[in-house]
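Below are the chains, spelled out letter by letter.
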Amino acid sequence: MKKILIFIVGFIFIFSHIVNAKNGERLNAFVQANKAYAKGDYQTAIDQYQKIIDSGKPTGSLYYNMGNCYFRQDKIGWAILYYERAMQYIPNDPDLQFNLRHVRNQIEDQVEKKTSFPLKSTLDKFSISSLFWFITICNIGFWGILIIRRFHRSEWSYYTFVGLSILWTISLVSYSSKWYIIKTDNRGVIVASKTIVRAGPDERETKLFELHSGTIVGCERQEGDWRLVQFSQGKRGWAKISDIVLIITKDKQRKLPI
Amino acid sequence: MKRIYLHISFILVIFLLLPVTNINANTGLTIQLDRTEISMSDSIQMTIKVSGTQSAVRPRVGGLQNFRVQSGGTSSNFSMVNGQVSSSIDQTYYLYPKRTGKFTIGPAEVNINGKTYRSNHVSVVVKNQPSDISQQSHKPVFITASLSNSKAYIGQTVFYKVKFYYSISVRDLGIVLPESNGFRLKQLEKHLEYTSNVKGKQYKVIEINHVLSTEKTGTFNIDPTMMKMNILERQKSSNRFSMFGNFFTNARPHSVQTQAVKLTILPLPDANRPSDFTGLVGNFSIQAQLDPKKIPSGESATLSLQISGQGNVQLMPDINIPEMKHIKLYSDQPVISINETPSGFTGQKSMKWALVPQKEGEYNIGPFSLSFFDPKTEKYKTISTSKMNLTVTPGKKVAVTTIPSQINSSLPQVKKEVKFFQRDILPVHDHADALTLSIFQQMASWHKLIIFLFPPFIYLVVLLLFFRKTRLKLEKLAAKKAFSKLTKQLNTTDTEKNIPEMLKAFNQFFNDRLQLEGGTLTPDEVQNILTLKGISNELALETKSLLINLEAAVYTGQSDQDVNKLKNSISELGKKLDKGIKG
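In this numbering scheme, every chain counts its residues from 1 along its sequence in written order. Written order determines the labels here, with chains lettered from A and ligands numbered from 1. Only residues with pLDDT of at least 70 get local features here, since the model is predicted, and only at 80 or more are side-chain atom pairs given and counted; chain-wide, interface and lining totals rely on the full set of residues.

## A word on the pairing of strand E9 (residues 115-118) of chain B
Residue and element names in this part refer to chain B.
1) Next: When strand E8 (residues 108-112) meets E9, the two strands line up antiparallel, connected through four bridges. Residue pairing in the sheet places Asn 111 in a bridge with Thr 116 of E9.
2) Next: The rule for pairing is simple: two strands pair if DSSP sees at least two bridges between them. Comment: elements are numbered from the N terminus, with helices defined as DSSP H or I runs of at least four residues and strands as E runs of at least two. Following E8, the chain reverses through two residues before pairing antiparallel with E9; Asn 113 in that reversal takes a positive phi of roughly 50 degrees.

## A short note on unusual backbone geometry
Residue and element names in this part refer to chain B.
1) Next: For the bond running from Gly 106 to Pro 107, omega is 0 degrees, close enough to zero to count as cis.
2) Next: At the junction of Asp 291 and Pro 292, the peptide bond is cis and its omega measures out at -10 degrees in the coordinates.
3) Next: By secondary structure assignment, the location of Pro 292 is in the loop between strand E22 (282-291) and strand E23 (294-296).
4) Next: A positive phi angle, close to 55 degrees, is found at Asp 172, a residue other than glycine.
5) Next: Locating Asp 172 in the fold gives a position in strand E14 (residues 170-176).

## Here's the deal with the interface of chain A and chain B
1) Next: What counts as a contact is two residues whose backbone-derived C-beta atoms lie within 7 Å of each other. Facing 29 residues of chain A, the contacting portion of chain B comprises 22 residues.
2) Next: Residue assignment for the side of chain A that touches chain B shows that the elements contributing at least two residues are helix H1 (2-39), helix H3 (60-72), helix H5 (94-104) and helix H7 (128-151) of chain A.
3) Next: When residues in the side of chain A that touches chain B are grouped by element, the largest group, 10 residues, is from H7(A).
4) Next: When its residues are assigned to classes, the side of chain A that touches chain B shows 13 nonpolar, 11 polar and five charged. Three classes are used: nonpolar for Ala, Val, Leu, Ile, Met, Phe, Trp, Tyr, Cys and Pro, charged for Asp, Glu, Lys and Arg, and polar for all others, with Gly counted as polar.

## Focus on the sheet that holds strand E18 (residues 218-222) of chain B
As a general point, the strands of a sheet are linked pairwise by backbone hydrogen bonds and lie either parallel or antiparallel.
Residues and elements named next belong to chain B.
1) Next: Here we have three strands laid out as an open sheet, ordered E12-E21-E18, and mixed in their pairing. Each of the sheet's edge strands pairs with one partner strand only, and the pair in question is strand E12 (151-153) and E18. Geometrically, the sheet is characterised by an average inter-axis angle of 25 degrees between neighbouring strands, direction not taken into account.
2) Next: Bridge count between E18 and strand E21 (residues 261-266): five bridges; the pairing is antiparallel. For Phe 220, the partnering residue across the bridge sits in E21 and is Leu 263. The convention used is that axes are lines fitted to C-alpha atoms, helices contributing only their stretch in contact, and that angles between N-to-C directions extend from 0 to 180 degrees.

## A few points about the environment of B:Met502
Residues and elements named next belong to chain B.
1) Next: Assignment of secondary structure puts Met 502 in helix H7 (residues 498-513).
2) Next: Residue burial is a threshold on neighbouring C-beta atoms within 10 Å of the residue's own C-beta, all placed from the backbone, with 20 or more meaning buried, 12 or fewer meaning exposed, and counts in between meaning partly exposed. By the C-beta count within 10 Å, which is 22 here, Met 502 ends up buried.
3) Next: Sequence separation between Met 502 and Ile 570 is 68 residues, and the spatial gap between their C-alpha atoms is 8.4 Å.

## A closer look at the confidence of the model for chain A
1) Next: By definition, pLDDT measures how confident the predictor is in each residue, and it falls between 0 and 100. Averaged over all residues, the pLDDT of chain A equals 86, while 86% of them reach at least 70.
2) Next: The least confident element of chain A is helix H9 (residues 250-255) of chain A, whose mean pLDDT is 55; the most confident is H3(A), at 94.

## Observations concerning the environment of B:Val176
Residue and element names in this part refer to chain B.
1) Next: Along the chain, Val 176 falls in strand E14.
2) Next: The partly exposed category is assigned to Val 176, around which 14 C-beta atoms lie within 10 Å.
3) Next: Sequence-distant contacts of Val 176, defined by excluding residues within four places in its chain, comprise Thr 225, Met 226 and Lys 228.

## As for the nonpolar core
Residue and element names in this part refer to chain A.
1) Next: Any nonpolar core is a set of buried residues, restricted to Ala, Val, Leu, Ile, Met, Phe, Trp, Tyr and Cys, that join up through C-beta atoms within 7 Å. Ala 79, Tyr 82, Tyr 83 and Ala 86 are the most contacted members of the largest nonpolar core, which has 46 residues in total.
2) Next: Broken down by element, this core gets its largest block of residues, 10 residues, from helix H4 (residues 76-89).
3) Next: Domain extents, as shown, originate in an automatic or database domain assignment. Here this core spans two domains, since at least three of its residues come from each of domain 1 (2-104) and domain 3 (187-255).
4) Next: Apart from residues no more than four positions distant in its own chain, Ala 86 is found in contact with Gly 60, Tyr 63, Tyr 64, Gly 67 and Leu 96.

## A look at the sheet that holds strand E19 (residues 226-234) of chain B
Residues and elements named next belong to chain B.
1) Next: Spatially, E14-E19-E20 is the arrangement adopted by the three strands of the open sheet, whose pairing is antiparallel. Sheet topology places E14 and strand E20 (249-257) at the edges, where each strand pairs with a single neighbour. The average undirected angle you get between the axes of adjacent strands in this sheet is 20 degrees.
2) Next: Pairing geometry for E19 and E20, over nine bridges, is antiparallel.

Here's what the structure looks like:
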């Protein structure tokens, strides 16, 4: 029994030590990155921020900082990519919204209006975590009022029940829709200064149109080094994979807080 | 039909009335040129507009000795808006230059009804034909690109001019501009179309002007511009006698491109830069006006400032007026107008203030200055308005009453739109929270599932715990109400088919009162259960015999007892049983 106790205490001690050391490394890299950014050494800042992100604990602010670094390097495509990634975590951050608007203004291609399902624009304003807390509160409220009504049936409890039922349904639909949007998000950003979209997955195919850095496209299937992209309803074709980076890669989809 | 006649007569009446209306009210003469800079092989379209007349006039135009003039026809315009009639005659001429240089055309003079009217005058620059045009004169289609200045200062307006020459039929024209490499090209709204003579060959020309803007200094290599088109060719028929042989045309895709051009953007010099310089590059003027110059105290005078000029007019600054003692200032929204001209952007910015002096006396207004960089002289210039005097005489004495100071402070202030000087991104998030993971991020999926399922689980537990208790409560309630239910049923029983109903109600009473599952008990079972529930043997026996009597009456259809009497005995027995049954 004593041995087991010693083992448990030792395990907790070592584990907490490892966690602290890892957090120290993250903090150190973060400070280094911020210093490099302030000095104008944006590539070092990017490397350090990337190191923290690769440690498996990305935050919206880290993606935002990465976006800033790429913008300072005149890489609008990469800046948009990282700002869009930050939007998954901190969509209501005023700094992020300001910078993203500024960078979007510098994209050469004119954005064409797309039709999306009605809830999408509203849901874009909320992160999945805020929707989760919303559904948690509604869930507690809904089942709580049901329990109350087992013992106390009155007019106020009836109207509270009706109100909470509506909220509970809204929260459930919102959370499910947001989850679905993230899971099926196939948007990619053009990171090359220019990419030519062709009629087929080959250099010899007809040039259809060209897209410029920072433009967001819908990505579909891929064949070899080519990916089928859709810019707007009537503009789709094949572009080189190396020119496009997905906002949410499959690897990131696993790491996203959903 | 009647309505059509009415319409026709209305139009006739309008035309009959026309001579009465004063159409000569705004008689005037203007000269307009489609371009102000041409080469020796080009032609200019000159339009002389005589407004306020419908009669043919022949204006005399000065300064045409350097041009060969060809008439291009006359067109007359007539319009009536809100009863206001206006008319004009446009006379078009094509001018072919005889020599290079800068020439002034005009003014034109015309005599209408004994009165001589004079027009404005316009300047035109005639240059030699660029060598790249002459070199390509053997081609049916070619394109040239040129810059208005090969060297410019940052902020200076530079035009990138693309001229497309064609002497054959073309269609589906598409221009592919060079890729941005630190600069932006914006096409001006208007493009020009005219004819040009290149080495004796007549070409149609489409001239497209672009404004080149950049925020960087250095030398830029502007890549070639490409023009894509379909050239229309007559189809050659194999049958030489075919009447349709040369009728149909083929469209052959073709493209031409310009040569690359070089542009050097110089930084603005640091030396002698005025402190109030805001980045304005070009040639500007500033004017100020005060109206009226003498006012009684408490009344207002209007101060107008107008900046006008040519250059990067969008940067024309807002002039700030320093606070003046005893004068309240109310500013108006500035009005800015920008025009595209072949020689650059021109614009005007008008600002107005209402000056309300609070005290009599002499006030000095201004001077107001404006600084800009003049690329022609390559120097900064600061221009100022002259100083103005505002004389404030004593106002009318009003025998009233002190105005509370709040009233002045609550006067509506003219709001000013907040504008960006420049745009840039906000800094990085360098606070420690930037690394903090949210609780949501720290939770695993199964944590979230538990959080979600916990409330319904609690509800389920509560439901299970209280289900039995609730059921027992309900059964007790039903037992308590069993006798009153029986009495109610007996009272509402129909007299014709009363005995089966009575038996049914009596059985129901037993089920409810004894908290049984349901179904019909035999008289013997009833006796046993009643004995077990603490009912005396006599009462149990009495109940049994009543049940036997009821069943016999139901199954045989005969009864030796009166229905009402039976009803009463059931009621009385029920009352005794209700009291006697324990639990």
